[in-house]
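# Structure at a glance
Spelled out, the chains give:
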Amino acid sequence: MGDFMEEKAYLLVHYKSPNARIEEQVHFAVSRDGYQWEAVNGGAPVFIADKGERGVRDPSIIRTQDNHFVILGTDLCMSENFEKKYQKQWANMGRYGSRSISMWKSEDLIHWSGQRLVQLCDENFGCCWGPDVLYNAHTGKYMVYWASSHSSNDYGAKSIYYAETADFESFGEVKFLCAKEDASVVDPQIHQVGGTYFRFLKSRSNPFAVILEKGKTIDGAYERVRGFDEWMGRLTANEYEAPSMYQLPDGQWCLLLDYFGEKRKCKGYVPFIATDFENGVFEEASDRFSFPYGMKHGSVLEITAEEYERIRDYWTWV
């Protein structure tokens, strides 16, 4: 192991595809350096959702302040329900989909609790999409945030909402976080970098692309990072979604964008390295990264070398 025991490693939680229920589950991948990734459990799910729609998409993970772990995910199984339950209509899925978020807990990243469905939204909300979570040091609570439509605009454009929790057992009232005047926004992910919060969103139009905003507080005013807009404009921007960012051991920031375009079918995440992070400028770096398969919409957690070895050893023998 050598010096690696002194270094951090990474865990990526994700799902694989909308084509089969077994692929719409929580999957793990690990990496020593954030560049070279390997599948855990032979690429099979680490556990299977058995409540709600019995699928899980868009998983996110957090290490809590007491060094436990929580995974959240969208309660959705498109492979089984898109046609028969939602009549092949995304609008139906957004309006009538689950108002609950799936949750699992663990003390060691190996043994996980059973699935819990946490109903955060009432009948005025549509489906809870793409939940993520961030610890707020100012309140001592965790902000769980997601995208939903609402009855106030006849379940039209989606906005971002949140609820706070101190223990992932009880949750506060649902509050409005942000919206975009001219489009739905989904796939939120917020990062604190120094004294600034950076918020990624997928705008469903004007432009149909990932956008980046920054602000001084989690739930206050944000402004668009126009350099990111310009950079995205140089990509085929309408073919990327589900941003997930993490910091590499060398201090560089890596942005993973889920590619769903036809040219690279089932490509999954594409890596980009920040060349001017403050101004939102990145460049594709696929030649420096290796993924075992097309990993879709998830999140990256920094883990220790011991946790990395524990995960690999356990799922070698399980």
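Everything in this summary refers to the structure shown in the same document.

Thresholds applied
Residues numbered from 1 in each chain as written. Predicted model: local features only at pLDDT ≥ 70, side-chain atom pairs only at ≥ 80, totals over all residues. Heavy atoms only, no water. Helix = DSSP H or I, 4+ residues; strand = E, 2+ residues; numbered from the N terminus. Contact = heavy atoms within 4.5 Å. Areas by Shrake-Rupley, 256 points an atom, 1.4 Å probe, with all protein chains shown as cover. Pairing = 2+ DSSP bridges. Axes fitted to C-alpha atoms, helices over the stretch in contact; angles between N-to-C directions. Polar contact = N/O pair within 3.5 Å; in protein donor to acceptor, adjacent residues only side chain to side chain. 1 Å grid on protein atoms, 1.4 Å probe; cavity = no way out; pocket = protein on both sides within 12 Å on 5 of 7 lines; lining within 4 Å. Points joined across faces, edges and corners; volume = space filled by probe spheres on them. Nonpolar A, V, L, I, M, F, W, Y, C, P; charged D, E, K, R; others polar. Buried < 20%, exposed > 50% of the residue type's maximum accessible area, 1.4 Å probe, protein only. Phe/Tyr/Trp six-rings, centres within 6.5 Å; stacked < 30°, edge-to-face > 60°. Lys NZ or Arg CZ within 6 Å of the ring centre and 35° of its normal. Salt bridge = Lys/Arg side-chain N within 4 Å of Asp/Glu carboxyl O.

## Brief notes about the overall build of the protein
Helix and strand content of the protein: four helices and 20 strands. Across its three principal directions, the C-alpha atoms of the protein cover 60 × 45 × 45 Å. Pairs at least 24 apart in sequence give 53% of the contacts found in the protein among residues at least 6 apart. Only carbon and sulfur atoms are counted for the fraction: they give 45% of the accessible area of the protein, which is about 13700 Å².

## Considering the sheet that holds strand S3 (residues 37-39)
Taken together, four strands build an open sheet; the order of strands is S3-S2-S1-S20 and the sheet is antiparallel. Two strands lie at the open edges of the sheet, namely S3 and strand S20 (296-304), each paired on one side alone. Strand-to-strand twist in this sheet, taken as the mean axis angle between neighbours without regard to direction, amounts to 30°. Relative to S3, strand S2 (residues 27-31) runs antiparallel, the two being bridged by three bridges. Bridging across to S3, Ser31 finds its partner in Trp37. The strands that helix H4 (residues 305-317) touches are strand S1 (8-15), S2, S3 and S20; relative to S20, the one it contacts most, it runs at about 120°.

## Description of the environment of Thr165
Relative to the assigned elements, Thr165 resides in strand S10 (residues 159-165). Separated by 25 residues in sequence, Thr165 and Gly140 place their C-alpha atoms 9.1 Å apart. Beyond its immediate sequence surroundings of up to four residues, Thr165 is in contact with Lys141, Tyr142, Val144, Ser170 and Phe171. A distance of 2.8 Å separates the side chain of Thr165 from the backbone nitrogen of Phe168, its partner in a polar contact. Side-chain polar atoms of Thr165 contact the backbone oxygen of Ser170, separated by 2.7 Å.

## Regarding the layout of surface pockets
Looking at the second largest pocket, its volume works out to about 630 Å³. Forming the boundary of the second largest pocket are 23 residues, of which Leu134, His191, Val300, Leu301 and Glu302 lie nearest the centre. Put simply, the parts of the chain that give the lining of the second largest pocket at least two residues each are strand S4 (56-63), strand S8 (129-136), strand S12 (185-193), strand S16 (240-247) and S20. The biggest single contributor to the lining of the second largest pocket is S12, with five residues. Across the lining of the second largest pocket, the residue classes tally to 13 nonpolar, seven polar and three charged.

## Some words on the pairing of strand S6 (residues 100-106)
Counting buried positions along S6 gives six out of seven residues, so the element sits mostly inside the fold. Looking at chain direction, strand S5 (residues 69-75) and S6 are connected through six bridges and run antiparallel. Of the residues in S6, the one forming a bridge with Phe69 is Ser106. Where S6 meets strand S7 (residues 116-119), four bridges bridge the pair, whose relative direction is antiparallel. Note on S7: the bridge partner recorded for Ile101 is Val118.

## Notes on the packing of aromatic side chains
A complete count under the given rule lists 26 aromatic pairs for this structure. On the basis of an interplanar angle of 70° and a centroid distance of 5.8 Å, the ring pair of Phe200 and Phe228 is categorised as edge-to-face. Of this pair, Phe200 sits in strand S13 (residues 196-204) while Phe228 sits in helix H3 (residues 226-233), placing them 28 residues apart in sequence. An identical accessibility class is assigned to Phe200 and Phe228; each is buried. Arranged with centres 6.3 Å apart and planes meeting at 10°, the rings of Phe289 and Phe291 form a pair that is stacked. By relative accessible area, which is 21% here, Phe291 ends up partly exposed. Put simply, the rings of Phe200, Phe228, Trp231, Tyr240, Tyr259, Phe272 and Phe282 pair up and form one aromatic cluster. The residue whose ring lies beneath Lys16 is Tyr293, and the NZ or CZ to ring-centre distance is 4.4 Å.

## Observations regarding the environment of Arg95
Here Arg95 lies in helix H2 (residues 90-96). Given a relative accessible area of 29%, Arg95 falls into the partly exposed group. If near-sequence neighbours (up to four positions away) are discounted, Arg95 is found in contact with Phe125, Gly126, Cys127, Ser149, Asp154 and Tyr155.

## A few points about the pattern of salt bridges
Working definition: two side chains of opposite charge can pair if their charged atoms are close together. Applying the stated criterion across every chain yields a total of 18 salt bridges. In this structure, the salt-bridge partner of Asp182 is Lys180, at a minimum N-O distance of 2.7 Å. In this structure Asp182 comes out as partly exposed when scored by relative accessible area, which is 43%. Its relative accessible area of 13% is what places Lys180 among the buried residues. For the salt bridge of Glu213 with Arg199, the shortest nitrogen-to-oxygen distance reads 2.8 Å.

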